[in-house]
Amino acid sequence: QQPVQSPQAVILREGEDAVINCSSSKALYSVHWYRQKHGEAPVFLMILLKGGEQKGHEKISASFNEKKQQSSLYLTASQLSYSGTYFCGTENNAGNMLTFGGGTRLMVKP
Amino acid sequence: NAGVTQTPKFQVLKTGQSMTLQCAQDMNHNSMYWYRQDPGMGLRLIYYSASEGTTDKGEVPNGYNVSRLNKREFSLRLESAAPSQTSVYFCASSPIGGQGGKLFFGSGTQLSVL
């Protein structure tokens, strides 16, 4: 079953912050975050394993609450290069399939 | 390093035709995957191969077959193409079969079925 992402789309001005949420109805082993630019392949950002750790990638960080089966991606002081579609992918405890959410389209304007 | 290479990049088929999408990785990864992405949508898993010699169905396997030819290559076959299979197909590989393995994606194959 696909995880649910919210919001579906976000428009920001350069320097503003955003939060993208990902939730699942099933117990999760891990959450992945990827970014896809238009016409390109998805590119890995980070993995969060169960344990609630928070990870960071430049000014992009994420958290994982395994009890709530939710993850959030935080983009701070957004840059034009952050524009794209962000996907979360979730693995259940069987760990043999990565299922992606529907994506969040992020547009950063000057 | 080439990473994950997919061929062809573009293909147009008529309904009922068959074709094979090729994927090869040069990173010595154990696991390989085929996803499809419809316009404005997320990625849906078609088939995956956790290791050489094994294949398993994903979320949307109907109408497709796969072959894990060796550790490097994982092909996707459409036996009788249908307009509903018009999509962008991505192959991916991972050093670890599940349990937190990062995916490396190919550049995609844009397939149109008329």
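Note that this is a predicted model, so its numbers are computed, not measured.

Peer 1: How should I be thinking about the sheet that holds strand β3 (residues 19-25) of chain B in this particular structure?
Peer 2: Backbone hydrogen bonds are what pair the strands of a sheet, in a parallel or an antiparallel way. All names here are of chain B. Strand order in the open sheet made by the four strands is β1-β3-β8-β7, with antiparallel pairing throughout. Where the open sheet ends on each side, the last strands, each with one partner, are β1 (4-7) and β7 (64-68). Ignoring which end each strand starts from, the neighbouring axes of this sheet average 15° apart. Strand direction decides the pairing type here: β1 and β3, joined by four bridges, are antiparallel. Looking at β3, one finds that T5 is bridged to A24.

Peer 1: In this structure, what is going on with the interface of chain B and chain A? I would like to understand it.
Peer 2: Where interface size is quoted, it is often the accessible area lost as the parts come together. Taken together, the contacts link 23 residues of chain B with 25 residues of chain A. Between chain B and chain A lies a buried interface of about 1700 Å² when both sides are counted; carbon and sulfur atoms form 58% of it. Where chain B meets chain A, there are zero salt bridges. Summed over the shared surface of chain B and chain A, the result is three residue pairs in polar contact (both at pLDDT 80 or more). Elements that contribute at least two residues to the side of chain B that touches chain A include exactly β4 (31-37) and β5 (43-49) of chain B. At four residues, β5 of chain B tops the list of elements feeding residues into the side of chain B that touches chain A. Taken together, the residues that form the side of chain B that touches chain A break down as eight nonpolar, 11 polar and four charged.

Peer 1: In this structure, what is going on with the pairing of strand β7 (residues 60-65) of chain A? I would like to understand it.
Peer 2: Remember that side chains alternate between the two faces of the sheet whenever the strand is regular. With five of six residues buried, β7 of chain A is to be regarded as a mostly interior element. Here β7 of chain A folds back onto strand β8 (residues 70-75) of chain A in antiparallel fashion, the turn holding four residues, of which Q69 of chain A has a positive phi close to 55°.

Peer 1: What should I look at first to understand the layout of surface pockets in this one?
Peer 2: To find leftover empty space, one rolls a probe the size of a water molecule over the atoms. There is about 980 Å³ of room inside the largest pocket. Lining the largest pocket are 39 residues; nearest its centre among them are Q36 and H38 of chain A together with Q37, P39 and G40 of chain B. Mapped by element, the contributors of at least two residues to the lining of the largest pocket are β1 (4-6), β2 (9-13), β9 (84-92) and β11 (104-109) of chain A together with β9 (87-94) and β11 (109-113) of chain B. The biggest single contributor to the lining of the largest pocket is β11 of chain A, with four residues. Grouping the constituent residues of the lining of the largest pocket by class yields 14 nonpolar, 20 polar and five charged.

Peer 1: Would you mind showing me how to read the environment of L48 of chain A here?
Peer 2: All names here are of chain A. Along the chain, the position of L48 falls in strand β5 (residues 43-49). The class of L48 is buried, set by a relative accessible area of 0%. A sequence separation of 39 residues divides L48 from F87, and the C-alpha atoms of the two residues are 14 Å apart.

Peer 1: Even after reading the chapter, I still don't get the pattern of salt bridges, so can you show me in this structure?
Peer 2: Any two side chains of opposite charge can pair, on the condition that their charged atoms come close. Residues and elements named next belong to chain B. This structure, assessed with the given rule, holds three salt bridges over all chains. Across the salt bridge formed by D38 and R44, the nearest N and O atoms sit 2.6 Å from each other. With relative accessibility at 14%, the residue D38 sits in the buried group. Among the salt bridges present, the one from E79 reaches R77, with a minimum N-O distance of 3.2 Å. E79 sits in the partly exposed class, given a relative accessible area of 43%. Ionic contacts of the salt-bridge type, sharing partners, join the residues R36, D38 and R44 into one network.

Peer 1: Help me out: how do you make sense of the state of the cysteines in this one?
Peer 2: Put plainly, two cysteines are in a disulfide when a covalent bond ties their sulfur atoms together. Residue and element names in this part refer to chain B. Throughout the structure, instances matching the rule amount to two disulfides over all chains. A sulfur-sulfur distance of 1.9 Å marks the disulfide that ties C23 to C91. Taking the torsion about the sulfur-sulfur bond, which here is approximately -75°, the covalent link between C23 and C91 counts as left-handed. With C23 in strand β3 and C91 in strand β9, this residue pair connects regions lying 68 residues apart in the sequence. For the pair C23 and C91, a shared accessibility class is recorded, and that class is buried.

Reading the values: rules and limits
Residues numbered from 1 in each chain as written. Chains lettered and ligands numbered in written order. Predicted model: local features only at pLDDT ≥ 70, side-chain atom pairs only at ≥ 80, totals over all residues. Heavy atoms only, no water. Pairing = 2+ DSSP bridges. Helix = DSSP H or I, 4+ residues; strand = E, 2+ residues; numbered from the N terminus. Axes fitted to C-alpha atoms, helices over the stretch in contact; angles between N-to-C directions. Contact = heavy atoms within 4.5 Å. Buried area = accessible area lost by both parts, 1.4 Å probe. Salt bridge = Lys/Arg side-chain N within 4 Å of Asp/Glu carboxyl O. Polar contact = N/O pair within 3.5 Å; in protein donor to acceptor, adjacent residues only side chain to side chain. Nonpolar A, V, L, I, M, F, W, Y, C, P; charged D, E, K, R; others polar. Buried < 20%, exposed > 50% of the residue type's maximum accessible area, 1.4 Å probe, protein only. 1 Å grid on protein atoms, 1.4 Å probe; cavity = no way out; pocket = protein on both sides within 12 Å on 5 of 7 lines; lining within 4 Å. Points joined across faces, edges and corners; volume = space filled by probe spheres on them. Disulfide = S-S within 2.5 Å.

These figures capture arrangement, not role.
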